[in-house]
Amino acid sequence: MMGYMKDTITQLKNTALEAIAAANSLKETEELRIIYFGKKSPFTDILKSLKNLSTEEKRKIGPLANSAKIEVQEALKAKTEALESQFDAESEWIDVTAPGDKKNSGHLSPLTIVQRDIEEIFTSMGFEIADGPEVETEFYNFDAVNVPADHPARDMQDTFWAKNAVSKDSSEKECEQFVLRTHTSSVQVRYMELHTPPYRIIIPGRVFRQEATDASHEHTFHQFEALVVGDDVSVANFLSVAETFFSQFFGKKLKIRLRPSYFPFVEPGFEFDISCTNCGGKGCSSCQQTGWLEIGGAGMVHQNVLVAAGYERDQYTGFAWGFGMERLAMMKYKIDDVRHFHSGDIRFTKQF
Ligand code: PHE
């Protein structure tokens, strides 16, 4: 019995060591681990059968079986480690022709692109860029630009009024009502107060109107004001600046058309159109067959505005215009709904 057991152990050990030596992949060493040390391990069987032997025999066969097991275990471990540290050309193989892993980088919103285009064209014509607060006093948004309280013109722009916290010892200034500015014209008198003509500026910025939204109306949008004040500024200057700007912005020669209109802060006041960027003025579906596209409001700065800024009446003349930046972006990129801009829909913004 004892001799037979000895042979079995030696045979098992030799077979295992041979198999380990022959293995040359981690898959094979793993298979061997399962065969020799898994649930049905032959070493376990041997150790279990020791119970049938006499004490004397157990003392001899037990250590023999144990050391055989340890020897095989160590050989397997050494082989596995050797294979692990080996360079495996197959798994290291790289397909250099495979398409790259695309990194998505951020990009500018179409409105920022348009704003930067506008700023570039105007600064190249010698204009400066001015800025003002979005939460504005009633004075700069309305009174200063010749829209007195109770004047029906205040209703032309539906306004978000801010609730003021006024205590009984608030100063007169603090009692002032605040609004979310309804137009960038609110920056006109702020700028005039701090500067002496001549100057030419543009004022790009966000404005707010309390109105129902639809494909062409948003409660929050962007305008861009142009203001030129000097000794002898005329409608001809306005036309020439407008024509230069729009032709550069759309990359083709465009014509400007003025129509009489009313804005309290200009006299005379106009609505102005550009020749259709799509058909060049012949008439098409983009311009409802008229050949013209409506752009915005403009006019010669009302003397009351210049007086509100502290200038003497009739000392200077100037022109101003204002219109929606979204509208310009929509025309340039053929966007059909103004609500896309603030929708946060990445499928929209990704296109630019
Ligand atoms: N502020 C006017 C508006 O928002 C536009 C405008 C600006 C008109 C300057 C004339 C001159 O409707």
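Higher on the page you've got the structure.
Residues numbered from 1 in each chain as written. Predicted model: local features only at pLDDT ≥ 70, side-chain atom pairs only at ≥ 80, totals over all residues. Heavy atoms only, no water.

Novice: I'd like to hear about helix H5 (residues 110-124), residue by residue, with values.
Specialist: The terminal C-alpha atoms of H5, which comprises 15 residues, lie 21 Å apart, in line with the 21 Å expected from a rise of 1.5 Å per residue. The set of residues buried in H5 consists of Pro110, Leu111, Val114, Ile118, Glu119, Ile121 and Phe122. At the C-terminal side of H5, Gly126 shows a positive phi close to 90°. (Helix = DSSP H or I, 4+ residues; strand = E, 2+ residues; numbered from the N terminus. Expected span 1.5 Å × (residues − 1). Buried < 20%, exposed > 50% of the residue type's maximum accessible area, 1.4 Å probe, protein only.)

Novice: A description of unusual backbone geometry should follow, citing residues and the corresponding values.
Specialist: The omega angle of the peptide bond from Pro197 to Pro198 is 5°, so this bond is cis rather than trans. Within the secondary structure layout, Pro198 lies in the loop between helix H7 (186-194) and strand S5 (199-208). You will see that Lys334, though not glycine, has its phi angle at about 55°, which is positive. Checked against the element boundaries, Lys334 lands in the loop between helix H10 (325-333) and helix H11 (346-349). The class for Lys334 is exposed, based on a relative accessible area of 62%.

Novice: Can you lay out the pattern of salt bridges for me, pointing to particular residues and giving the numbers?
Specialist: In the structure shown here, the tally under the stated rule is 12 salt bridges. Between Glu243 and Lys253 there is a salt bridge, and its shortest N-O distance comes to 3.1 Å. Of this pair, Glu243 sits in helix H8 (residues 235-250) while Lys253 is found in the loop between H8 and strand S7 (256-261), placing the two residues 10 residues apart along the sequence. According to the relative accessible area criterion, Glu243 is partly exposed, its value standing at 29%. Taken together, the shared-partner salt bridges in this structure form one network comprising Arg257, Arg259 and Asp273. (Salt bridge = Lys/Arg side-chain N within 4 Å of Asp/Glu carboxyl O.)

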